Amino acid sequence: MKSENTMRVTKSRADLLLRELGSSLPDVSATVEYTAEEIMEITGAHDWKSVRETIAQMWVENLISFSSWRKGHYSLERIKFKITLDGWYKYNDLIEENDDLLNNEKSDSIIAIVSSVACEGLNPAEFDRMLFQHEDDLIEDLISSYRGEWRNDFGHIAMLTFDRARDAVECCINIQQRLSKSHWRLSKNYTYRFGITIHMGSTVEIDGNMFGSVVSAAFQLRELAPRGGIVFSEEIYKRVNKLEGVEAEGLGEYDLPKLKNNVEMYVLTSPDLSED
């Protein structure tokens, strides 16, 4: 059985490697390759066994997916990595705890998470085909018209950012209305619908990516969004509850890690977008 000290060292090396992976990826859905020798330099591991233990630790925690191959000496082995959604959460936390975040200017951002709520166990590539093949120009133009930005995507999850709560809510209503008309392009056996979660808080932008506990919170809160519906936090509600045609009802408070207070959530009831 591994000693507590050995486990601590392995987890420390895993954090170092995750930070390197996160900072090296051009976007969150990309892959990156390293040799075993390069990983030893990044993590301070002294042999291939330590490298394997570090990668195994990350895999057990569902932080990465990977594949490897080699010709000849073990130090020439190449490992291809991709960060999982859980890995991205962890990377976000590591950045937040580091001077990389503290030394950058923070600003309030509106985070909107668009995610499939009906594809559990199915191929998330359907989300890509739906949004990117036929709707990408229309959706991106729609987001742009509301002064928003398409930041990242994780296969069946996409992150959008806005400067104003009103723009975010009105844009997301239009997105849902547009996506609801796209069922005919999907699998004959499954109907895909999407939930949208909107949250706001302090963020830092580094190399085009958004960081801060509010980002992780928005991803966790996405599980509250009903099929074809929209949920948002109290801060958003306060800014849009007087908009004509926009009505919402409370869902209660939700306690999330890394947040000092509970988050009061609301579900949009008018216009009616949800599907039973």
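Just so it is clear, the model here is predicted, and its values are computed rather than measured.

Calculation criteria
Residues numbered from 1 in each chain as written. Predicted model: local features only at pLDDT ≥ 70, side-chain atom pairs only at ≥ 80, totals over all residues. Heavy atoms only, no water. Buried < 20%, exposed > 50% of the residue type's maximum accessible area, 1.4 Å probe, protein only. Helix = DSSP H or I, 4+ residues; strand = E, 2+ residues; numbered from the N terminus. Pairing = 2+ DSSP bridges. Arc of directions from axis to C-beta. Contact = heavy atoms within 4.5 Å. Axes fitted to C-alpha atoms, helices over the stretch in contact; angles between N-to-C directions. Parallel < 35°, antiparallel > 145°, perpendicular 65-115°, else oblique. Nonpolar A, V, L, I, M, F, W, Y, C, P; charged D, E, K, R; others polar. Salt bridge = Lys/Arg side-chain N within 4 Å of Asp/Glu carboxyl O.

*Asks:* Which parts of the structure should I look at to understand helix H9 (residues 213-221)?
*Replies:* One turn of an α-helix holds 3.6 residues; hence residues three or four places apart share an orientation. The buried count for H9 comes to eight of nine residues, which makes it a mostly enclosed element. Among the residues making up H9, those that are buried are Ser 213, Val 214, Val 215, Ser 216, Ala 217, Ala 218, Phe 219 and Leu 221.

*Asks:* Can you help me understand the pairing of strand S7 (residues 194-206) in this one?
*Replies:* Looking along a regular strand, one sees the side chains alternate between the two faces of the sheet. Among the 13 residues of S7, 10 are classified as buried, and the element is accordingly described as predominantly covered. Pairing analysis gives 10 bridges linking strand S4 (residues 107-116) to S7, with the strands arranged antiparallel. Bridge pairing links Ser 109 to Gly 201 in S7. Inspection of the sheet shows S7 paired to strand S9 (residues 230-233) by three bridges, in the parallel sense.

*Asks:* Teacher, can you tell me more about helix H2 (residues 36-43) here?
*Replies:* Buried within H2 we find Ala 36, Ile 39, Met 40 and Thr 43. One face of H2 carries all of its buried residues, which in axial projection span an arc of 105 degrees. Buried residues along H2 sit against helix H1 (4-24), strand S1 (32-35), helix H3 (48-60) and strand S3 (78-83). Taken from the residues just after H2, Gly 44 is the one with a positive phi, measuring 80 degrees.

*Asks:* How should the packing of H1 against H3 be read in this particular structure?
*Replies:* Relative to each other, H1 and H3 sit at 75 degrees, their axes nearing to 9 Å. What the angle tells us is that H1 and H3 run roughly perpendicular. Mapping the contact onto sequence places Met 7, Thr 10, Lys 11, Arg 13, Ala 14, Leu 17, Leu 18 and Leu 21 in H1 and Ser 50, Glu 53, Thr 54, Ile 55, Gln 57 and Met 58 in H3. In terms of residue class, the contact of H1 with H3 is made up of seven nonpolar, four polar and three charged.

*Asks:* Just checking my understanding: could you explain the pattern of salt bridges for this structure?
*Replies:* Counted according to the given criterion, the structure contains eight salt bridges. With a closest N to O distance of 3.1 Å, Arg 239 and Glu 235 form a salt bridge. One end of the pair, Arg 239, and the other, Glu 235, are both in helix H10 (residues 234-240), four residues apart, so they sit about a helical turn from each other. What makes Glu 235 partly exposed here is its relative accessible area of 34%. If you follow the salt bridges from partner to partner, you end up with Arg 147, Arg 164 and Asp 167 in one network.

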